[in-house]
Amino acid sequence: MRVLFIFLDGVGLGSDDPAINPLARVELPYLQGLLGGRKLLATSAPYIGESATLLPLDASLGVKGLPQSATGQAVLLTGINVPKEIGEHYGPKPNPAVAKFLLNGNLFSQLVHSGKTGALLNAYPPRYFHGVDSGKRLYSAIPLAVTSAGLKLFDKEDYYAGRALSADFVGNGWRDMLGFPDAPIYSPHQAGNKLAELARQYDFSLFEYWASDYAGHKQDMNWAIEQFKVFDDVLQGLCSQWDDEDSLILITSEHGNMEDLTTRRHTDAKVPGLLIGSRKARTEFATGLVDLTGICQRILKIISP
Ligand SMILES: [Zn+2]
């Protein structure tokens with residue numbers, strides 16, 4: 001089995017209130033089709049359908065305070081209840097206490113040790129590497145896990161060669177924000193096709209989407225809605241090229257944020273555990289899965305049964 005993990009930063013399962021929750025306001029035909037007409041809301045989970053399963057996953061993990069990115073992502077990447085171990089939710093970037101858990105072994109390093117292939121499909125711009133090399137930029141949890149496993153972060157060359165995807169899926173950021181007017185650009189549907197093509201090359205691949213958390217912090221309803229319209233088309237393009245028989249798609253988050261725009265802070269909402277694939281694979285993955293600590297081991301087990 002292969003697994004594609006689409007990590008959506010800061011997306012919880014919120015209320016059916018279009019005044020505060022972009023996911024209650026926007027129509028997402030493809031995603032809602034997967035969910036039997038339901039929206040991505042707290043009232044929709046749990047759901048087990050023809051081709052998708054939606055579980056509500058606890059991100060608070062018995063630790064008081066609001067879940068944060070470094071500890072939440074470290075849980076996803078290690079299966080360890082890191083906030084409980086260090087006594088707090090911490091973020092956005094890992095401090096030494098959080099980093100220790102990631103450096104001790106993580107999803108990527110365990111894949112490498114078992115002879116499997118893994119990749120982070122995001123392409124990083126030159127200024128990202130300059131920031132890291134000069135010590136001005138700390139790795140967030142996901143690139144820290146990838147690099148500590150001896151895997152490479154994809155760069156501008158990889159992006160231009162079609163070996164990696166833009167963090168916004170379509171590539172506008174490379175042209176408009178990063179100053180590369182000749183950077184490849186995709187329609188959302190094409191970006192979804194590309195995601196399928198890239199994911200097929202690895203036993204495990206991860207794509208990190210962070211703009212959802214950013215829109216939550218900015219309390220920007222329109223931006224959040226536009227993002228999810230793009231995501232819906234990406235998902236359709238992805239699933240049109242996807243083979244359910246030997247592959248599973250997992251979409252989840254490490255904490256809520258964007259689903260409640262009354263606050264610029266994170267929320268303690270349950271996060272979506274959305275699985276797309278064969279009923280057998282979804283059942284195996286979903287059984288007993290109630291919080292973020294269960295993700296890492298299930299990914300490893302389904303890849304190397
Ligand atoms: Zn955040």
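The coordinates are above.
Residues numbered from 1 in each chain as written. Predicted model: local features only at pLDDT ≥ 70, side-chain atom pairs only at ≥ 80, totals over all residues. Heavy atoms only, no water.

### What to know about helix α3 (residues 69–78)
Phase 1 of the analysis: For α3, a buried count of ten out of ten residues is recorded, marking the element as mostly surrounded by other parts of the structure.
Phase 2 of the analysis: For α3, the complete set of buried residues consists of Ser 69, Ala 70, Thr 71, Gly 72, Gln 73, Ala 74, Val 75, Leu 76, Leu 77 and Thr 78.
Phase 3 of the analysis: Of the residues flanking the end of α3, it is Gly 79, one or two places downstream, whose phi is positive at about 80°. (Buried < 20%, exposed > 50% of the residue type's maximum accessible area, 1.4 Å probe, protein only. Helix = DSSP H or I, 4+ residues; strand = E, 2+ residues; numbered from the N terminus.)

### Focus: the packing of aromatic side chains
Working definition: an aromatic ring pair is given by the centre-to-centre distance plus the angle between the planes.
Phase 1 of the analysis: Applying the stated criterion to the full structure yields 15 aromatic pairs.
Phase 2 of the analysis: Taken together, a centroid distance of 6.3 Å and an interplanar angle of 90° make the contact between Phe 5 and Phe 7 edge-to-face. Of the two residues, Phe 5 and Phe 7, neither departs from the other in class, the shared state being buried.
Phase 3 of the analysis: Here Tyr 159 and Trp 174 contribute two aromatic rings whose centre-to-centre distance is 4.9 Å and whose plane-to-plane angle is 15°, an arrangement assigned as stacked. (Phe/Tyr/Trp six-rings, centres within 6.5 Å; stacked < 30°, edge-to-face > 60°.)

### Description of the environment of Pro 56
Phase 1 of the analysis: With respect to the helices and strands, the residue Pro 56 is situated in strand β3 (residues 52–57).
Phase 2 of the analysis: Residue class for Pro 56 comes out partly exposed when judged on its relative accessible area of 27%.
Phase 3 of the analysis: For the pair Pro 56 and Ala 269, spaced 213 residues apart in sequence, the C-alpha to C-alpha distance is 9.1 Å.
Phase 4 of the analysis: Aside from chain neighbours lying at most four places away, what touches Pro 56 is Leu 13, Ala 45, Pro 46, Lys 270, Val 271 and Val 290. (Contact = heavy atoms within 4.5 Å.)

### Points about the environment of Gly 256
Phase 1 of the analysis: Within the fold, Gly 256 resides in the loop between β6 (247–252) and β7 (271–276).
Phase 2 of the analysis: Taking the relative accessible area as the measure of exposure, Gly 256 reaches 0% and is therefore buried.
Phase 3 of the analysis: Taking C-alpha positions, Gly 256 is 7.0 Å from Lys 270, a pair spaced 14 residues apart along the chain.

### Notes on the nonpolar core
Phase 1 of the analysis: One finds Ile 6, Leu 121, Phe 169, Leu 195, Leu 238 and Ile 251 to be the most contacted residues of the largest nonpolar core, which totals 57 residues.
Phase 2 of the analysis: Counting residues per element, this core draws most heavily on helix α13 (residues 221–240), at nine residues.
Phase 3 of the analysis: One finds Val 82, Phe 108, Ala 141 and Leu 144 within the second-largest nonpolar core, a separate group that totals 48 residues. (Core = buried A, V, L, I, M, F, W, Y, C linked by side-chain atoms within 4.5 Å.)

### With respect to the packing of helix α12 (residues 211–218) against α13
Phase 1 of the analysis: At a minimum axis separation of 8 Å, α12 and α13 run at an interaxial angle of 160°. As the angle between them shows, α12 and α13 are arranged roughly antiparallel. In this structure, the crossing between α12 and α13 has a hand that is left-handed. Every residue of α13 that contacts α12 at Ala 211, Ser 212, Tyr 214 and Ala 215 is listed here: Trp 223, Ala 224 and Gln 227.
Phase 2 of the analysis: Tallied by class, the residues present in the contact of α12 with α13 amount to five nonpolar, two polar and no charged. (Axes fitted to C-alpha atoms, helices over the stretch in contact; angles between N-to-C directions. Parallel < 35°, antiparallel > 145°, perpendicular 65-115°, else oblique. Left-handed = near helix turned anticlockwise from the far one by under 90°. Nonpolar A, V, L, I, M, F, W, Y, C, P; charged D, E, K, R; others polar.)

### Let's talk about unusual backbone geometry
Phase 1 of the analysis: Each neighbour pair has its own omega, and for Ala 45 with Pro 46 the value is 0°, a cis peptide bond.
Phase 2 of the analysis: Looking at the secondary structure, you find Pro 46 in the loop between α2 (29–34) and β2 (47–48).
Phase 3 of the analysis: Here the residue pair Gly 91 and Pro 92 is connected by a cis peptide bond, since its omega of 5° sits within 30 degrees of zero.
Phase 4 of the analysis: Positive phi is not limited to glycine here, since Leu 61 has a value of about 60°.
Phase 5 of the analysis: Residue class for Leu 61 comes out buried when judged on its relative accessible area of 7%.
Phase 6 of the analysis: You will see that Gln 219, though not glycine, has its phi angle at about 50°, which is positive.

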